[in-house]
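# A look at the structure
So the chains spell out like this:
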Amino acid sequence: MASEPVCVEDFEPYLKARVSDSFWHYFRSGADGEQTLRDNPLAFQRYRLLPRCLRDVSQRDTSTSILGHRLSFPVGVSPMGCHAFVHRDGEIATAKGVSNAGSAMVLSMWSNKSLEDVAASVHPDTPLLLHLNLLFDRSRMEAVIRRAEAACYKALVVTVDQPTMGNRMHLRRSIDVDPTITCPHILLPGEELTHEKARAIVNESKAVTWKDILWLTGITSLPVVLKGILTAEDAREAVRHGAAGILVSNHGGRQLDGVPAPIDVLAEIVNAVRGSSVEVYVDGGIRKGTDVLKALALGARAVFIGRPAIWGLAYDGEKGVEKVLGILKEEFSRAMALCGCSSLSDITPDLIATMPYSKM
Ligand SMILES: Cc1cc2nc3c(=O)[nH]c(=O)nc-3n(C[C@H](O)[C@H](O)[C@H](O)COP(=O)(O)O)c2cc1C
């Protein structure tokens, strides 16, 4: 690889160089023709910034909070399974990088490291949230939730866009998983991680409905965030069913191909829940500090990144994740200055001009 990475995209080749072809495709792939995967980052170009001049931006405060927990800037890491495919310390390395950067992390239920070991590796103030796929087996679900509560996780983030596995292109290839790599929250001791097993587990979510969200909010005091909402109607349902947060997401283009980029539905969802206390976040295709600023101007409280964290992990483990987040923070702070914003409350919708979709 040529020189030191200077922007988020510069980290991607390190993942390709570090892992086998099948692991590379596992992280990179989207569903079907990958229209949504391609559109997620491109969609940000449909929004242009209208900067304000001659405002004092000599002191800028990039900090914010999610669900009452402080972040040094409004970017966290979304849940992704199996970081140990990339780095032997897996999610522990990712979480340490997140913690050093003053960011937040949603630990995937498909993580290779236990939620307790991950929690023990970060600064106690780091907001760690636990991701869940709601499965049939309630006693198993409840056991994981109790562990998350005991380990001081700050919220549960439930995937709601995966009643079955999307038609992922990487599934054309088999993945040779080192048998020492396991998913301790999902697999029983001695059970091996295979495509078939993963698909069967995801398929357990097929019959999950809003009633199950009521069940979940009823059995835990942790705030519940619903991840994968793309419509105003579902956003209003989320409020009615006790969600504390909504993560507007299309699963990084890995579920239903052809859905809009999350940034394109964000403002409508923010409007739909206005007046409630629900916090709205967004992920999908965020690669630049200006993307973060655009998302906040359109009403997101914070944004999350997926693949870029994995690219950073491949680049240099914990330090690589911290570096990716550090670059985003610096870019975001610079974008704030260039837009005339000294705090997040200055980032308002009037900074955005929209470009319409153009016909093919
Ligand atoms: C390898 C990989 C695994 C993922 N696993 C999950 C998952 O188990 N549950 C989930 O809700 N989202 C999952 N996602 C989606 C991410 O949480 C996130 O929504 C997406 O990656 C954001 O888009 P970005 O990668 O363009 O930043 C996964 C994404 C990747 C790349």
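Here the structure is a predicted model, which is why all the values come from computation and not from measurement.

About the criteria used
Residues numbered from 1 in each chain as written. Predicted model: local features only at pLDDT ≥ 70, side-chain atom pairs only at ≥ 80, totals over all residues. Heavy atoms only, no water. Phe/Tyr/Trp six-rings, centres within 6.5 Å; stacked < 30°, edge-to-face > 60°. Helix = DSSP H or I, 4+ residues; strand = E, 2+ residues; numbered from the N terminus. Buried < 20%, exposed > 50% of the residue type's maximum accessible area, 1.4 Å probe, protein only. UniProt positions renumbered as here; feature names shortened; annotations may be inferred. Contact = heavy atoms within 4.5 Å. Polar contact = N/O pair within 3.5 Å; in protein donor to acceptor, adjacent residues only side chain to side chain. Near = heavy atom within 4 Å. Nonpolar A, V, L, I, M, F, W, Y, C, P; charged D, E, K, R; others polar. 1 Å grid on protein atoms, 1.4 Å probe; cavity = no way out; pocket = protein on both sides within 12 Å on 5 of 7 lines; lining within 4 Å. Points joined across faces, edges and corners; volume = space filled by probe spheres on them.

The next point concerns the packing of aromatic side chains. Considering all chains together, one arrives at 7 aromatic pairs under this definition. Consider the rings of Y26 and F85, whose centres lie 5.5 Å apart with planes at 70°: the pair is edge-to-face. Here Y26, found in helix α2 (residues 21–28), pairs with F85, found in the loop between β4 (75–77) and α4 (90–100); they are 59 residues apart in sequence, far enough to count as distant. In this structure, Y26 and F85 share a single accessibility class: buried. Here the aromatic rings of Y281 and F304 are separated by 5.7 Å at their centres, their planes lie at 70°, and the arrangement is edge-to-face.

The next point concerns the UniProt feature "active site" (unreviewed entry) in the protein. Sequence positions flagged by UniProt for "active site" (unreviewed entry) are, in local numbering, H251. In this fold, H251 is placed in the loop between β9 (245–248) and α10 (262–272). Residue contacts for H251: discarding those within four places in its chain leaves T159, D161, Q162, R168 and K227. Side-chain polar atoms of H251 contact the side chain of D161, separated by 2.8 Å.

Once that is clear, we can look at unusual backbone geometry. Even without being glycine, L67 reaches a positive phi, approximately 50°. Within the secondary structure, L67 sits in the loop between β2 (64–66) and β3 (69–71). For C152, which is not glycine, the phi dihedral falls at a positive 65°. Residue position: C152 is located in the loop between α6 (138–150) and β7 (156–159).

Quick look at the site of the ligand now. For the ligand, the set of nearby residues contains 22 residues, the closest of which are P79, T159, D283, R287 and G306. In this structure, P79 approaches the ligand through a main-chain N or O atom, which is 2.6 Å from an oxygen atom. With respect to the ligand, the side chain of H131 contributes an N or O atom lying 3.2 Å from a nitrogen atom. Secondary-structure elements contributing two or more residues to the shell around the ligand are α2 and α12 (307–339). Tallied by class, residues from the shell around the ligand come to 7 nonpolar, 10 polar and 5 charged.

Take empty space enclosed by the protein next. Using the criterion set out here, one finds 1 cavity of 30 Å³ or more in the structure. Empty space within the largest cavity amounts to approximately 40 Å³. Lining the largest cavity, in full, are V177, D178, P179, I181, E192 and L193. A per-class count over the lining of the largest cavity returns 4 nonpolar, no polar and 2 charged.

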